[in-house]
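Now for the letters of each chain:
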Amino acid sequence: EEPFSKRVVLTTVTGLFCETAVSATYEHRGLNVSSLADGWLFSLPGDNSCALAASRDYLQLTAYVNPEEIQSYKLLPLLRTALECAAATQGLVSLHASCLKLGENAVCLTASSGTGKSTRAQSWVDANGAELISGDRPVIRTDVSGKVFACGAPWDGKEQIFVNDSAELKAVCDIRRGDFVRARRLSANQARRVLLQQCFIPMWDTAVAAQVMATVS
């Protein structure tokens, strides 16, 4: 499945990034994000082995690597963040959730880290024959008819489960721990709050952050 409607181009350059950032650095998930004159710079704190420059719309990416120091896994979180930004500009939402496909439909289980969404998702696989499309970070899109779909994406969290597939999304379940078992429908405001807490929002880019919030709403 191709959730992106516009192509993202990645160019690799051997050497260090030399341009001076024009704004203070924003810290995000262990990364540094700085504003450039014509885009953004993603880098690792205290690590000069690689950096990723992005255009303002995140469709043109340039990876700067030091071949004497670079280890490929270091570039992956930079690339993932830039691609999530590119997705956000196209009306897509990257959701912190385990995404399951059962038949022709999908269900997302979202929760704060450590709550047990992955354990619950695996129980659906074992008991119901469901298939995991994404272990931690599916992409959510809406088609022209208004239907909502959950898509696998080529990145994930610690689960490292990603499948090139999609299905119509029928529910997002917010998993919480308690002394009893209960399922209840959230109000519209409660659902919106959960989604905003669990989706990717690039807070350094006010325009795209507002676009994500509008998409969720």
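All values derive from a computational prediction rather than experimental measurement.

Conventions adopted
- Throughout this document, residue positions are counted from 1 along each chain, in the order its sequence is written.
- Residues qualify for local features only when their pLDDT is at least 70, as the model is predicted, and side-chain atom pairs are given and counted only at 80 or more; totals for whole chains, interfaces and linings, by contrast, use all residues.
- In computing side-chain properties, one takes all heavy atoms of the structure into account and sets aside hydrogens as well as water.
- Counting from the N terminus, the helices are the DSSP runs of H or I reaching at least four residues and the strands are the DSSP runs of E reaching at least two.
- Burial status follows relative accessibility: with a 1.4 Å probe on protein chains alone, a residue under 20% of its type maximum counts as buried, one over 50% as exposed, and anything between as partly exposed.
- Residue contacts are counted whenever heavy atoms from the two residues lie within 4.5 Å of one another.
- The method behind every accessible area is Shrake-Rupley, applied with a 1.4 Å probe, and residues are considered shielded solely by the protein chains displayed.
- Neither His nor the chain ends contribute to the count of charged residues, in which Lys and Arg are positive and Asp and Glu negative.
- Charge placement uses NZ in Lys and CZ in Arg. For Asp and Glu, CG and CD serve respectively.
- Using a 1 Å grid laid over the protein atoms alone, points where a 1.4 Å probe fits but cannot get out form a cavity; open sets with protein on both sides within 12 Å along at least 5 of 7 lines form a pocket; any residue with an atom within 4 Å of a point counts as lining.
- Grid points are joined across faces, edges and corners, and a volume is the space filled by probe spheres set on the points.
- Three classes are used, and their members are as follows: Ala, Val, Leu, Ile, Met, Phe, Trp, Tyr, Cys and Pro are nonpolar, Asp, Glu, Lys and Arg are charged, and the others, Gly among them, are polar.
- Counted as a polar contact is a pair of N or O atoms within 3.5 Å, where, for protein atoms, one must be capable of donating a hydrogen and the other of accepting one, and residues adjacent in sequence contribute only when both atoms are in side chains.
- Per-residue confidence from the predictor is reported as pLDDT, which spans 0 to 100.
- One bridge is not enough; two strands pair if DSSP finds at least two bridges between them.
- Helix axes are fitted to C-alpha atoms over the stretch in contact, other axes to C-alpha atoms as well, and angles between N-to-C directions run from 0 to 180 degrees.

**Q** Hey, could you run me through the overall build of the protein in this one?
**A** Secondary structure summary: the protein contains 4 helices and 13 strands in total. Along the first, second and third principal axes, the C-alpha atoms of the protein reach 55 × 35 × 35 Å. Here the protein, with 217 residues, has 45% of them falling under the buried criterion. Intrachain contacts of the protein at a sequence separation of at least 6 include 56% that bridge at least 24 residues. For the protein, the accessible surface area stands at approximately 11,700 Å², while carbon and sulfur atoms represent 50% of it. Seen as two clouds, the 21 positive and the 22 negative side-chain charges of the protein have centres 10 Å apart.

**Q** Mind showing me how you'd approach the layout of surface pockets here?
**A** Empty space among the atoms becomes apparent when a probe as large as a water molecule is rolled across them. There is about 1,300 Å³ of room inside the largest pocket. Of all elements in the fold, only α2 (117–128), β11 (139–142), β13 (166–174), α3 (188–198) and α4 (206–216) reach the threshold of two or more residues within the lining of the largest pocket. The greatest single-element share of the lining of the largest pocket, amounting to 6 residues, is contributed by β13. Of the residues contributing to the lining of the largest pocket, the split by class is 19 nonpolar, 5 polar and 9 charged.

**Q** Would you mind going over the environment of Arg177 with me for this structure?
**A** Tracing the sequence through the fold places Arg177 in the loop between β13 and α3. Here Arg177 falls in the exposed class, since its relative accessible area comes to 67%. Along the sequence, Arg177 and Thr115 sit 62 residues apart, while their C-alpha atoms lie 6.7 Å from each other. If sequence neighbours within four positions are ignored, Arg177 has contacts with Gly114 and Thr115. In this structure the side chain of Arg177 is engaged in a polar contact, spanning 2.9 Å, whose partner is the backbone oxygen of Thr115.

**Q** Teacher, can you tell me more about the confidence of the model for the protein here?
**A** If pLDDT is low for a region, its predicted coordinates should not be looked at in detail. When pLDDT is averaged along the protein, the result is 88; 95% of the residues meet or exceed 70. Taken element by element, the predicted model of the protein shows its lowest mean pLDDT in strand β2 (residues 26–28) (86) and its highest in strand β9 (residues 105–110) (95).

**Q** What's the story with the sheet that holds strand β8 (residues 98–102) in this structure? I'm lost.
**A** What links the strands of a sheet is backbone hydrogen bonding, and the strands pair in either a parallel or an antiparallel sense. Read across the open sheet, the 7 strands follow the order β7-β11-β12-β13-β9-β8-β10; overall the sheet is mixed. This sheet does not close on itself; its edge strands, each paired only once, are β7 (93–94) and β10 (131–134). Bridge analysis of β8 against β10 gives 3 bridges, and the strand direction is antiparallel. For Lys101, the partnering residue across the bridge sits in β10 and is Glu131. In this fold α2 packs onto β8, β9 and β10, with an angle of close to 15° to the strand it touches most, β8.

**Q** What is the right way to look at the sheet that holds strand β6 (residues 60–65) in this model?
**A** Pairing in this open sheet of 6 strands is mixed, and the strands run β1-β6-β5-β4-β3-β2 from one edge to the other. Sheet topology places β1 (9–14) and β2 at the edges, where each strand pairs with a single neighbour. Direction aside, neighbouring strands of the sheet carry axes that sit 25° apart on average. Its contacts with the sheet put helix α1 (residues 72–89) on β1, β2, β3 (31–36), β4 (39–44), β5 (47–55) and β6, and the angle it makes with β5 is roughly 15°.

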